[in-house]
Structures are given as structure tokens and as C-alpha cells.
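Survey of secondary and tertiary structure
The primary structure of each chain is shown beneath.
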Amino acid sequence: MTETLPAPRRRLPWSRRTRLGVDLALAIPLFLLEIAWVVLDAIYGVGLEVWAAQGDQSRIDAADLAFMDRLQVLQIVVVVLAVLAALFRARWTMIAHLLVALLLGGALAGERHDWEKSHSSPGCVRYSANC
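This text gives an overview of the structure that appears in the document.

Calculation criteria
- Residue indices follow the written sequence of each chain, beginning from 1 at its first position.
- Per-residue local features are limited, in this predicted model, to residues with pLDDT of at least 70; the limit for side-chain atom pairs, both in listing and counting, is 80 or more; totals at the level of whole chains, interfaces and linings are taken over all residues.
- To obtain the side-chain values, all non-hydrogen atoms of the structure were included, while hydrogens and water were left out.
- Here an angle of 0 to 180 degrees is reported between the N-to-C directions of two axes, which are lines fitted to C-alpha atoms, with helices fitted over the stretch in contact.
- The helix and strand labels rest on DSSP assignments: H or I over at least four residues marks a helix, E over at least two residues marks a strand, and numbering proceeds from the N terminus.
- Should an angle fall under 35 degrees it is taken as roughly parallel, and over 145 as roughly antiparallel, whereas 65 to 115 is taken as roughly perpendicular and any remaining angle as oblique.
- Each helix crossing is assigned a hand: it is left-handed if the near helix lies turned anticlockwise from the far helix by less than a right angle, otherwise right-handed if that turn is clockwise.
- The patches reported here contain residues having more than 30% relative accessible area and no salt bridge. Joining distances are 9 Å for like charges and 5 Å for nonpolar side chains (Val, Leu, Ile, Met, Phe, Trp, Tyr).
- Only the protein chains shown count as cover for residues, and the accessible areas themselves come from Shrake-Rupley with a 1.4 Å probe.
- Think of a salt bridge as a Lys or Arg side-chain nitrogen and an Asp or Glu carboxyl oxygen that are within 4 Å of each other.
- Contacts are residue-level and defined by heavy atoms, with any inter-residue pair within 4.5 Å sufficient.

Contact geometry for helix α2 (residues 57-87) and helix α3 (residues 91-118): axes closest at 9 Å, N-to-C directions at 160°. It follows that α2 is roughly antiparallel to α3 by the angle criterion. Pair α2 / α3 crosses with left-handed handedness.

Spelled out as C-alpha cells, the structure:
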């Protein structure tokens, strides 16, 4: 009788864990690239725009808001990359991306806190219901 060959198994991304060397080869450069991106954007994106505004508060506010938007977009991209790393079972890449996402969340929270603190109205100074 003829023997039938089994169908070749397709390799699904989640079927096997990514090798440690490949995982670290992706995790370390991407981690450094994402951190460098944020630092350079803070220095050259916002810092130079604030310097060029020369005290024009509307341009400074626009630069700060644009920086917060870029931080939020980068955080979304990093979370998507972390999900893809989890799908491919690349543990260290996923951990690196989640660490960057947490750092971006902290930076974004700090920026929003500074924004709300500097742009809030003084509010009511009396402690009565008529304020």
C-alpha cells in the first residue's frame, strides 16, 4: 500500500517561543531606539520650538500640545508592538516594549499635569457655596 505523507505543519507565530538570541536582538535595539526617540523629541522637538517662540505663549502652548500628542501616538505604537511581540512569544521584546509604554505613560501624565497646573483658572478663593 502507498503510504501518505503527513501534511507539512504550518508554523503559526504562537506555536513556538522565539529563540532567545533573536528575541534579545530585537528587544535591545528597539528599546534604545524608542527611548532615544522620546529624548530627542523632547530636546529638539519641544525645546527648540519653545526657544524659537521667544516668549510667545501661544506658540509654546502649541509646541507642548504637539509633544503630548506625539507621546500618545508613540505610546499606542509601542503597545501594538508589545502585543505583536506577545503574539510571537518574544518575551524580552514584549517586556522591553511594556517598560517603554509605562515610561511613556508616566511622561505623558507628567506633561498633562504640568499643562493643567499652568492653564487652570485660579478658581474660588472663598469657602462658600456662592463661589
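This part takes up a nonpolar patch on the surface. Taken together, the side chains of Leu20, Leu24, Ile28, Leu32, Trp92 and Ile95 present a nonpolar region at the surface, about 560 Å² in accessible area. Ranked by residue count, the leading element in the nonpolar patch is helix α1 (residues 20-53), at 4 residues. Looking at the element boundaries, Leu20 is found in helix α1.

Checked against the element boundaries, His97 lands in helix α3. Excluding residues that lie within four positions of it along the chain, His97 makes contacts with Leu30, Glu34, Val78, Leu81 and Ala82.

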